[in-house]
Amino acid sequence: MKLKLFNCFLALFISFSAFSNVNIIRNKISDNNDAVIGSLTGTITDKADGKPIPGASVSIPDLRIGTVSDANGKYTINRLPKGIYLVQVSFIGYRTFNQRVDFSKNGELSVQLQTSSIEAGEVVITGVSKATEIKRDPVPMVAVGKTFIDQRSASGNVIDEIANLPGISAVTTGPNVSKPFIHGLGYNRVVTMEDGIRQEGQQWGDEHGIEVDQNSIDRIEIIKGPASLSYGSDALGGVVNLLTPPPVPEGKISGSVQGTYGTNQGLLNGSFRLQGNNNGLVWGTIISAKEAKDYQNQHDGRVYGTGYREKDARVMLGLNKSWGYSYLNASIFDDQQEIPDGSRDSATRKFTRQINDEDIFRPIVPGSVLNSYGITPVHQHVQLYRIYDNSNFVLGSGNLIVNLGYQYSHRREFTHPTEPDVAGLNLNLNTYTYDVKYNFNLGNDYETSVGVNGMYQTNTLGQSTAFPIPAYHQFDIGPFFIIKKSYGKLDLSAGARYDRRSFSGQAAYIDTSKAFYPSLYTGSNPTTAPNVVPQFSALNKTFSGATGSFGATYNFSDAFLIKANIARGFRAPSIAELSANGPDPGSQIYHVGNSNFKPEFNMQEDIGAFITLPNVSFSVELFNNNIQNYIFQEQELNADGTPVITQGYNTFTYVQSKARINGGEFSLDLHPVPWLHFQNSLSLTYGQNLGNGGPVADSLKYLPFIPPLHTHSELRANFSKGFGIFRSVYGFAGFDHYNAQNRFFAAYGTETYTAGYNLLSAGIGGNWVDASGKTILKLFVEGTNLANVNYQSNMSRLKYFDNPTVPPGVQPGIFNMGRNISFKVVVPFDLSPHPHSKAI
């Protein structure tokens, strides 16, 4: 069955490729093809002195094409279709220029860029029918580009690179495992995507991160709030869209070799990138590998079980022509991640390790093991194989967008030290995703998008000894429409959607004949066979719900705007929340689900005000989110207050309640002189458990995993013209304050108080260029926790990893990483046969 489905999926790809080839032939033999306008040309100059600006970026985000201006400031983009598209022109030190251009009427666009100290004009493609300036979209969003990502060289993974943004945080299990949280919501409430294809890899699990190579991501766009309208169930909290590199200009073959070293873990991270574009035939590849030892801090020393080894590869082959584009991508993610449990010697507080299944005695971990790059026998092995296609076809007066994807997630946890090849956990998840929509102008310039998306998913259980969730089938479908209209300074946006999700879980029985090695029973008489016990009951569930959104943005002037949005979200319970009944060794938890759960619905209101002046920018954004049937986990306790232990793990049960999450973000950016930035932000999130009627006890009234008040201040100097042979020079010093989190879910010992802390960071870098201005090398240095503070984040799961009892006066749990300084070097190269040809 799996092979047949995969063959069908490949047939779809072949069909779209054939469709593309038909269009190519049609374009070649038709002399009067009115779908093609030809070229867009122009000159980019400085508004102040009229001098040309070489190297300015000119792009059309919706068509995924672009180029750079030559030495005379001139540019050309060829083979453009009819239609109205947003053109973006940007260059460091200048205000970004955005303008919609009707290619059927205008083939020339010359732009005068104005110098600016304020970064503005950011454009997004996530959750909108057409590329849109953030300031003109009512939905709260944020986006970061390649420069931002490169300068966060100390981040251990792609989610850590954005976890310091206002309203964004992450639940972590060490430096390589991070789950994105938006306004206090995460796991199956935030959809993570790569190039618009949703990521599916058992998101309900705590102990593994996002299966994406951080070296392959050049841009990240985030929707902060319900995005069910465009992306269906699981986008109730928001969306994180990870975007891979755009195609290089025509005639170019270029790439880079980069390496990163981190002092705390001895991190070694290397990556090779190569891309090309020949007459619209685009291709690219990225190959990466990284490994690290156990991380360290002053309180714990090296933390046993936090080393990792990751290998990644991806290829892309596509066409970018006047009929649109079609890009076929394939990638492999392979991560071996050690599993920490926090066990220690009671006298010395040094870490100990499991050496057999009986687990009666644990020796202290030798220093040679703590300081080794070798992966311990107790570890997890997470693999994700992915193939997907992004296509955009010019069809009639609009664009038909088709995104198809297949993913195979193989997640294993090896938890038997004397049998290192026997998996404790072995889950095989196959996911087929589809997203088809048609974008067009309805009537008098009503930007409209009509579509349907969803997925088909199967999960099977491989040979293993732990069974937290059953084998199941799942099918999602959701039709939707979005419409947007601009009335001068006023932009209105609205839409509606209807989702339906069907689950079919299989019954399962476990043979417990062999101690420590239970197995799936495959015989014919499970109810009468000796030592066979039921694990899962058969489950058939269907959930459905309607969602909608309405918002407005009013630009009083170029300097001041307000925006407001109200949205209803929907989320069907995950398979773990419905059916879990087993241990997840990596998370150190025995999960118990509830098949009677109802779907979650939320209503979120957002309002924001933004001021952008020549030397000052300020914003305030507030949100209020009321959630019906909110699902979360709470620990089970015995009558004497001790945790309930099931099969050696603390037992956590999923429960459901009403909830409210509200808060806001404030930012102030000062530019006393053009090269100096003083950036400040404050994020505040409150999560309240409203119960199911009647009063809520003090220990129950807050929600778990709610980040504390967080302020970030950063003094940054940017010198785009640099000094001598050094260009794009920057330096910064940062200060982060995290309040104590005394609003925690204390019931049943689920969470505990977390003390506040302050962190210092700094960075420096720039480009080394030759006499012609060509970049020879890029250097990025970043230091985090420079004061080497001993601290625990309430968003770190390691805070709760320790012995059941600890000596008096000792703070239990594992502390976060100590001082770390990272060095990232990028060496670009150009293999273009015609290096001076930059037009597309």
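Here is a short report on the structure shown in this document. (Residues numbered from 1 in each chain as written. Predicted model: local features only at pLDDT ≥ 70, side-chain atom pairs only at ≥ 80, totals over all residues. Heavy atoms only, no water.)

1. Regarding the overall build of the protein
Looking only at helices and strands, the protein features five helices and 46 strands. For 840 residues, the compact-globule formula gives about 28 Å, and the C-alpha radius of gyration of the protein, at 27 Å, lands near that figure. With the C-alpha coordinates aligned to their principal axes, the bounding extent of the protein is approximately 80 × 55 × 55 Å. Classification of the 840 residues of the protein by burial places 56% in the buried group. In the protein, of all internal contacts separated by at least 6 residues, the share reaching a separation of at least 24 is 67%. Carbon and sulfur atoms provide 59% of the accessible area of the protein, an area that totals close to 33,300 Å². (Helix = DSSP H or I, 4+ residues; strand = E, 2+ residues; numbered from the N terminus. Rg over C-alpha atoms; globule rule 2.2 N^0.38 Å. Buried < 20%, exposed > 50% of the residue type's maximum accessible area, 1.4 Å probe, protein only. Contact = heavy atoms within 4.5 Å. Areas by Shrake-Rupley, 256 points an atom, 1.4 Å probe, with all protein chains shown as cover.)

2. Things to note about the sheet that holds strand S13 (residues 190–194)
In a beta sheet, neighbouring strands pair by backbone hydrogen bonds and run either parallel or antiparallel. Strand order in the open sheet formed by five strands is S10-S15-S16-S13-S14, and the pairing between neighbours is mixed. Only two strands of the sheet have a single partner each, and these edge strands are strand S10 (141–144) and strand S14 (197–198). (Pairing = 2+ DSSP bridges.)

3. Let's talk about the packing of aromatic side chains
In total, this model carries 24 aromatic pairs according to the counting rule given. On the basis of an interplanar angle of 25° and a centroid distance of 5.1 Å, the ring pair of Tyr325 and Tyr327 is categorised as stacked. For the pair Tyr325 and Tyr327, a shared accessibility class is recorded, and that class is buried. Each ring, one from Tyr730 and one from Phe732, has its centre 6.4 Å from the other, and the planes form 10°; the classification is stacked. On the basis of relative accessible area, Tyr730 is assigned to the buried category, the value being 3%. Pairwise contacts between aromatic rings join Phe181, Tyr187 and Phe705 into one cluster. Here the basic side chain of Lys485 rests over the ring of Tyr446, its NZ or CZ set 5.1 Å away from the ring centre. When the ring centre of Phe780 is taken as reference, the NZ or CZ atom of Lys824 above it lies at 6.0 Å. (Phe/Tyr/Trp six-rings, centres within 6.5 Å; stacked < 30°, edge-to-face > 60°. Lys NZ or Arg CZ within 6 Å of the ring centre and 35° of its normal.)

4. Points about a nonpolar patch on the surface
A grouping of Tyr554, Phe556, Phe560, Ile562, Ile611, Leu613, Phe618 and Leu668 is seen on the molecular surface, where their side chains present a nonpolar patch of about 610 Å² in accessible area. Considering the arrangement of structural elements, one finds Ile562 in strand S34 (residues 560–571). Residue Ile562 is classed as partly exposed on the basis of its relative accessible area of 34%. (Patch = residues over 30% accessible without salt bridge, like charges linked within 9 Å, V, L, I, M, F, W, Y side chains within 5 Å. Salt bridge = Lys/Arg side-chain N within 4 Å of Asp/Glu carboxyl O.)

5. Description of unusual backbone geometry
Among all residues except glycine, the phi angle is most often negative; among peptide bonds, the trans geometry is most common. The phi angle at Arg64 is positive, at roughly 55°, despite the residue not being glycine. Unusually for a residue other than glycine, Asp359 sits at a positive phi of about 55°. With respect to the helices, strands and loops of the structure, Asp359 is situated in the loop between strand S23 (324–338) and helix H4 (367–370).

6. Quick notes on empty space enclosed by the protein
What the rule picks out here adds up to 16 cavities of 30 Å³ or more. Contributing to the lining of the largest cavity are 27 residues, with Gly127, Val139, Leu229, Ile482 and Ser493 lying nearest its centre. Looking at the lining of the largest cavity, the elements with two or more residues in it are helix H3 (228–231), strand S28 (472–487), strand S29 (490–505), strand S33 (539–555) and S34. With four residues, the top contributor of residues to the lining of the largest cavity is H3. Classifying every residue of the lining of the largest cavity gives 12 nonpolar, 10 polar and five charged. A volume near 190 Å³ is recorded for the second largest cavity. Those elements that place two or more of their residues in the lining of the second largest cavity are S13, S14, strand S26 (425–442), strand S27 (446–461) and S29. (1 Å grid on protein atoms, 1.4 Å probe; cavity = no way out; pocket = protein on both sides within 12 Å on 5 of 7 lines; lining within 4 Å. Points joined across faces, edges and corners; volume = space filled by probe spheres on them. Nonpolar A, V, L, I, M, F, W, Y, C, P; charged D, E, K, R; others polar.)

7. Description of the pairing of strand S17 (residues 253–262)
Summarising the sheet, S17 and strand S18 (residues 267–278) pair through 10 bridges and their orientation is antiparallel. By the bridge assignment, Ser254 is partnered in S18 with Gln275. What sits between the antiparallel neighbours S17 and S18 is a turn of four residues, in which Gly266 has the positive phi angle 65°. For S17 and strand S46 (residues 820–830), the ladder comprises nine bridges, and the chain directions are antiparallel. Residue Gly259 lies in a different strand from S46, and its bridge partner there is Val825.

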